[in-house]
Amino acid sequence: MYDLLAGMRIIEGSAFVAAPMGGMTLAQLGADVIRFDDIGGALDGERWPVTRDGKSLYWASLNKGKRSLAIDVRSPVGREILQSLITAPGPDSGMFITNLPARGWNGYETLKALRDDLIMVTLTGTRDGQAQVDYTVNAGMGFPMVTGPEGYEGPVNNVLPAWDIAAALSFSTGLLAAERRRFRTGQGSWLKLSLFDVALAATAALGYVAESAINGDERQRLGNHIFGTFGQSFQCADGRFVMVCMFTGRHVQALRQLVGDAAVDAIEATEGVNLMDEADRYRAREAIEAVLAPWIAARTLSEVGPALDESGALWGPYKSFTEMAEQAASHPMFSTIEQPGIGAFPVPGSPFDVEALQRLEPKPAPLLGQHTDEILATVLGLDSGAIGRLHDDKVVAGPKHAA
């Protein structure tokens, strides 16, 4: 956590990955991010992974550092309260991010009529409003058809929701760009983003569109090889796996140190390549693999690791989620904090290291409705009597009464 965005208030209406992660990114930089959800429970409030007693670790991990408001989103009074929060006055307010349907009461034109310089960032599945999620978008990007073992027929999905993550960072970047524009010009903005467009733009930026359009090539499955250079996974004598890459001439020298000059010279002579050239390393990938694989297979990970390090190789060990989590516990980005209703576990703050600023301890995710009264009092200026009547009328709820 940092206080780089201290004073900025953002209202978030969200569910699932992209929008909550975008809001959390801003919260970890110091913004006051207020997430609102229906009294009946958040759409993603029970999403897996969960604890043994059913508490969502997903919710706890994607909503760190936010404040939570539980409100009857369907009631006219609840919608008026949310409109007031979204369009609250002040240079650091009037910012709204959402991946929920934005029309009617929470549509841009409706909210803009209440605050002309409103900043609103919306995320849809496609630019024409079709519902999509990361996995359906990824299906159309080509990657599942080149992921997986060589020779495999059919798609292989990616476990990592890469497009949700890219959309989350686009969310936060877009809002900060719009806030900068409002600071300079006094004008608000409506930034419309679609998950499909985020994926398509990133895919094109990596050269896949150009490769198809210019060369007419259809990318093939390579297993764990890296297209255009050398990289491959290898198994050690103890069953552990490592990934070894060769991106520069320095890494070729590391290979020579590991397997000997004669073996590398033989590859160049037999394959007719110069391994100092990246494209040639790709062309000779199977020959390089054939030389390096037995060297690694004859040694345990505890032997392979130091030797790779000493040679200057570019490599990394494969780890399970459990092994990764054990390492994360001692990482300087993490702090072990108490998550209400769940217990203590390691939690990361912002991945930025900011010179001359102290890294603040990350804050836990809120309970649903944990800050309802606080928000109504401090942001909207409601007194205890007005807040009590809203509770009595079941327009809002605190954590004891929200699902």
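As shown above, the structure is provided for reference.
Read on for an overview of the structure. (Residues numbered from 1 in each chain as written. Predicted model: local features only at pLDDT ≥ 70, side-chain atom pairs only at ≥ 80, totals over all residues. Heavy atoms only, no water.)

**With respect to the overall build of the protein chain**
- Helix and strand content of the protein chain: 16 helices and 12 strands.
- Considered along the principal axes of its C-alpha atoms, the protein chain spans approximately 85 × 50 × 45 Å.
- Considering the protein chain as a whole, with its 403 residues, one finds that 43% of them fall into the buried category.
- Put simply, of all contacts in the protein chain between residues at least 6 apart along the chain, 69% involve residues at least 24 apart.
- Total accessible area on the protein chain is roughly 20,500 Å²; 55% of this is exposed by carbon and sulfur atoms. (Helix = DSSP H or I, 4+ residues; strand = E, 2+ residues; numbered from the N terminus. Buried < 20%, exposed > 50% of the residue type's maximum accessible area, 1.4 Å probe, protein only. Contact = heavy atoms within 4.5 Å. Areas by Shrake-Rupley, 256 points an atom, 1.4 Å probe, with all protein chains shown as cover.)

**Section: the sheet that holds strand β2 (residues 32-38)**
- Strands sit in the order β6-β5-β4-β1-β2-β3-β12 across an open sheet of 7 strands; the sheet is mixed. Across the chains shown, the open sheet's two edge strands, defined by having one partner strand only, are β6 (189-194) and β12 (396-397).
- Strand direction decides the pairing type here: strand β1 (residues 9-13) and β2, joined by 4 bridges, are parallel. Directly across from Arg9, in β2, lies its bridge partner Asp32.
- On top of the sheet, helix α7 (residues 195-205) reaches β5 (119-124) and β6; it is set at about 70° to β6, its chief contact. (Pairing = 2+ DSSP bridges. Axes fitted to C-alpha atoms, helices over the stretch in contact; angles between N-to-C directions.)

**As for the pairing of strand β4 (residues 95-98)**
- Burial along β4 is two-sided: Met95 and Ile97 facing one way and Phe96 and Thr98 facing the other are all buried.
- Here 3 bridges tie β1 to β4, and the two strands are oriented parallel to one another. Directly across from Glu12, in β4, lies its bridge partner Ile97.
- In this structure, β4 lies alongside β5, joined through 4 bridges in parallel fashion. Counterpart to Thr98 in the pairing with β5 is Thr122.
- Following the chain from β4 across helix α4 (residues 108-114) to the adjacent parallel β5, one finds a crossover that is right-handed. (Right-handed = clockwise from strand over helix to strand, strands pointing away.)

**A word on the packing of aromatic side chains**
- Taken as a whole and judged by the stated rule, the model has 6 aromatic pairs.
- Between Phe143 and Tyr208 the ring centres are 5.0 Å apart and the planes differ by 75°, which places this aromatic pair in the edge-to-face class. Of the two residues, Phe143 is situated in the loop between α5 (134-139) and α6 (162-185) and Tyr208 in helix α8 (residues 208-215); the sequence distance between them amounts to 65 residues.
- On the basis of relative accessible area, Tyr208 is assigned to the partly exposed category, the value being 26%. (Phe/Tyr/Trp six-rings, centres within 6.5 Å; stacked < 30°, edge-to-face > 60°.)

**What about unusual backbone geometry?**
- Of note, the bond from Trp48 into Pro49 is cis; its omega dihedral lies within 30 degrees of zero at 5°.
- By the element assignment, Pro49 lies in the loop between β2 and α2 (57-62).
- Phi angles above zero are rare outside glycine, and Ala356 is one such case at about 75°.
- Assignment of secondary structure puts Ala356 in the loop between β11 (343-348) and α15 (372-378).
- Residue class for Ala356 comes out exposed when judged on its relative accessible area of 80%.
- For Lys394, which is not glycine, the phi torsion reads 60° and is therefore positive.

**Looking at empty space enclosed by the protein**
- In the structure shown here, the tally under the stated rule is 1 cavity of 30 Å³ or more.
- The computed volume of the largest cavity comes to approximately 50 Å³.
- The set of elements that each furnish at least two residues to the lining of the largest cavity consists of β8 (241-246) and α9 (249-259).
- Per-class residue counts for the lining of the largest cavity are 8 nonpolar, 1 polar and no charged. (1 Å grid on protein atoms, 1.4 Å probe; cavity = no way out; pocket = protein on both sides within 12 Å on 5 of 7 lines; lining within 4 Å. Points joined across faces, edges and corners; volume = space filled by probe spheres on them. Nonpolar A, V, L, I, M, F, W, Y, C, P; charged D, E, K, R; others polar.)

**Re the sheet that holds strand β7 (residues 230-235)**
- Judged by pairing direction, the sheet is antiparallel, and its 3 strands sit side by side in the order β7-β8-β9 without closing on themselves. Taken across any chain shown, the strands that pair with only one partner, and hence form the sheet edges, are β7 and β9 (314-317). Direction aside, the axes of adjacent strands within the sheet are offset by 20° on average.
- In the sheet, β7 pairs with β8 via 6 bridges, with the strands oriented antiparallel. Residue pairing across strands places Ser233 opposite Met243, the latter belonging to β8.

**A few points about the packing of helix α10 (residues 261-271) against helix α12 (residues 285-297)**
- Packing of α10 against α12 leaves a shortest axis separation of 10 Å and a crossing angle of 155°. In terms of axis orientation, α10 runs roughly antiparallel to α12. The chirality of how α10 crosses α12 is right-handed. Facing Ala263, Ile267 and Glu271 of α10, the residues of α12 in contact are Ala287, Ile288 and Val291.
- Its residues assigned to classes, the contact of α10 with α12 shows 5 nonpolar, no polar and 1 charged. (Parallel < 35°, antiparallel > 145°, perpendicular 65-115°, else oblique. Left-handed = near helix turned anticlockwise from the far one by under 90°.)

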